[in-house]
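Structure at a glance
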Amino acid sequence: MGGPELTDPDMKLPPYIYRQKTNGRTRLRFEKRGLPKRWIHARPGTNEFLDEYRACLDGERREPKVDHVKSGTIAALVRQYERSAAFGELGEATRKQRSRVYAIVTAKVPDAPAASLTSKKVRELRDNRAATPVAANNFVKCLGYLYRWGQESGLVDRNPADGVARLKPLRKGGIPVWTMDEVKAFRRAHAVGTKAHLALCLFLFTGARISDARVLGRHNVRDGWIAWKQKKGGGEVEVSIPILAPLQEAIDAYRPKVQGIGAPFLAKQNGQAHASEKSFANWFAKQCGGAGVEKSAHGIRKALGGLLADMGCSEHEIMAILGHTNPRTSAIYTRSARRKSLAESGAEKLRGFKW
């Protein structure tokens, strides 16, 4: 079972950690004589990586954990999935979210057979969380991913999450979108040459998610384009975008005190990436608060989608920039823009009405 693909071949690794290429992917491997060989799942420079590395070094002093999970149970299915290459390839936040869901289920019924989870029970678990529809829907989706992997691996015959409808969100519109006034307020608070200004430009001119912006760096830039593999859910989408003048200006102007080889644009003061998506999101939230903007980075991504639609971009153009895999997602922005345009033309015709 391998860890995540290593995207920075120039990063210096600690002793006994080696790069190995398997099935076209470069992964990290711990190898020291007298200690168990292990794959490393976390990204270098993160707290999770240090925890794994210390665990590897302490291998000869740690007693092996006794696995009390009974074969054929939901807990066993979860254990096998979390140790699989498919799970290891997911983003850090996605892995944590799914593991939280699985921990809730297995804690209540640790010895329940995997086949005993029915669609009726999944609906019941969903409805118990009806007060928070987004969380309820994520709960169902996480169970669906688990059992879909189990089907593909020949461990279960059916997926109890199939056919379980999603709950409607309580609030329409989703995450609040940034306005241009808020973008200007942020720019006034954080001048060109600051890390915060560069962060805004990365979000606004690439549409990158928090998980991507945290690790994007010069290693993603080539011939005036910035490209990366956007991870969402269980898949990857290749995103490649021309670097527009404001973003290039922000990149050129920002000069941190420590610039490690292969370090991300938005590294911490020590030149390392923020330890997790959450810590990076918290840092950006502070920059927003300092500018009097109480919104998230994802709201910038949504603002970009609306801006592209207002400028007449097609659904497929928006898909390419934002990394959408479903045209219906991009159509949300184009429908809104078309309604605005039609309303404008309709009102113009109504302007001549005399009464």
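Structure: above.
All of the points below concern the structure found in this document. Not measured: the values here are computed from a predicted model.

**Some words on the overall build of the protein**
On a plain count of helices and strands, the protein comes out with 14 helices and six strands. Split into buried and exposed, the 355 residues of the protein put 41% on the buried side. Of all intrachain contacts in the protein linking residues separated by at least 6 positions in sequence, the fraction that spans at least 24 positions is 57%. Looking at the protein as shown, the accessible area adds up to about 20,600 Å², and 54% of this sits on carbon and sulfur atoms.

**Things to note about the pattern of salt bridges**
As enumerated under the stated definition, the model contains six salt bridges in all. Put simply, Arg 126 and Asp 127 hold a salt bridge, and the shortest N to O gap is 2.9 Å. Under the relative-accessibility criterion, Arg 126 is labelled buried at 10%. Overall, the relative accessible area of 41% leaves Asp 127 in the partly exposed class.

**Examining helix H11 (residues 277–290)**
Here H11 is 14 residues long and its end C-alpha atoms lie 20 Å apart, about the 20 Å a rise of 1.5 Å per residue gives. Taken as a whole, H11 has its buried residues at Glu 277, Phe 280, Trp 283, Phe 284, Gln 287 and Cys 288. Summarising the axial view, the buried residues of H11 lie within an arc of 145 degrees, below the 170-degree limit, and thus occupy one face. Opposite its buried face, H11 presents the exposed residues Lys 278, Lys 286 and Gly 290, each directed more than 90 degrees away. At the exit of H11 stands Gly 292, carrying a positive phi of roughly 75 degrees.

**Digging into the environment of Ala 185**
Counting through the fold element by element, Ala 185 comes out in helix H7 (residues 180–189). Sequence separation between Ala 185 and Val 293 is 108 residues, and the spatial gap between their C-alpha atoms is 7.6 Å. Apart from residues lying up to four places away in sequence, Ala 185 is in contact with Ala 291 and Val 293.

**Observations concerning the packing of aromatic side chains**
Scanning the entire structure with this criterion turns up 11 aromatic pairs. An angle of 70 degrees between the planes, with centres 5.1 Å apart, marks the rings of Tyr 81 and Phe 87 as edge-to-face. Accessibility assignment for this pair places Tyr 81 and Phe 87 in one class, buried. Ring geometry for Phe 203 versus Phe 284: centroids 5.0 Å apart, planes at 65 degrees, classification edge-to-face. In this pair, Phe 203 sits in helix H8 (residues 195–206) while Phe 284 sits in helix H11, placing the two residues 81 residues apart along the sequence. Considered together, Phe 203 and Phe 284 belong to a single accessibility category, that of buried residues. Here the aromatic residues Phe 186, Phe 203, Phe 280, Trp 283 and Phe 284 are joined through ring pairs into a cluster of three or more. Sitting over the face of the ring of Tyr 145, Arg 98 holds its NZ or CZ atom 3.8 Å from the ring centroid.

**Focus: unusual backbone geometry**
Generally, phi is negative for residues other than glycine and the peptide bonds are trans, each holding for most cases. At Tyr 16, a position not held by glycine, the phi torsion is positive, near 75 degrees. Within the element layout of this structure, Tyr 16 appears in the segment before strand E1 (17–22). In the Ramachandran plot, Asp 223 falls in the positive-phi region, its phi being about 55 degrees despite a non-glycine side chain. As for its position among the elements, Asp 223 is in the loop between strand E4 (221–222) and strand E5 (225–232). Classification of Asp 223 as exposed rests on a relative accessible area of 72%.

**Remarks on the environment of Arg 38**
Inspection of the secondary structure puts Arg 38 in strand E3 (residues 38–40). The sequence separation of Arg 38 and Tyr 53 amounts to 15 residues, and the corresponding C-alpha distance is 9.7 Å. With residues near it in sequence (within four places) discarded, Arg 38 still touches Leu 28, Arg 29, Phe 30, Ala 55, Cys 56 and Gly 59. Side-chain polar atoms of Arg 38 contact the backbone oxygen of Ala 55, separated by 3.4 Å.

**Structural notes on the pairing of strand E2 (residues 25–30)**
The buried fraction of E2 is high, at five of six residues. Where E2 and E3 come together, three bridges link them in antiparallel fashion. Residue pairing across strands places Phe 30 opposite Arg 38, the latter belonging to E3.

Reading the values: rules and limits
- Residues numbered from 1 in each chain as written.
- Predicted model: local features only at pLDDT ≥ 70, side-chain atom pairs only at ≥ 80, totals over all residues.
- Heavy atoms only, no water.
- Helix = DSSP H or I, 4+ residues; strand = E, 2+ residues; numbered from the N terminus.
- Buried < 20%, exposed > 50% of the residue type's maximum accessible area, 1.4 Å probe, protein only.
- Contact = heavy atoms within 4.5 Å.
- Areas by Shrake-Rupley, 256 points an atom, 1.4 Å probe, with all protein chains shown as cover.
- Salt bridge = Lys/Arg side-chain N within 4 Å of Asp/Glu carboxyl O.
- Expected span 1.5 Å × (residues − 1).
- Arc of directions from axis to C-beta.
- Phe/Tyr/Trp six-rings, centres within 6.5 Å; stacked < 30°, edge-to-face > 60°.
- Lys NZ or Arg CZ within 6 Å of the ring centre and 35° of its normal.
- Polar contact = N/O pair within 3.5 Å; in protein donor to acceptor, adjacent residues only side chain to side chain.
- Pairing = 2+ DSSP bridges.

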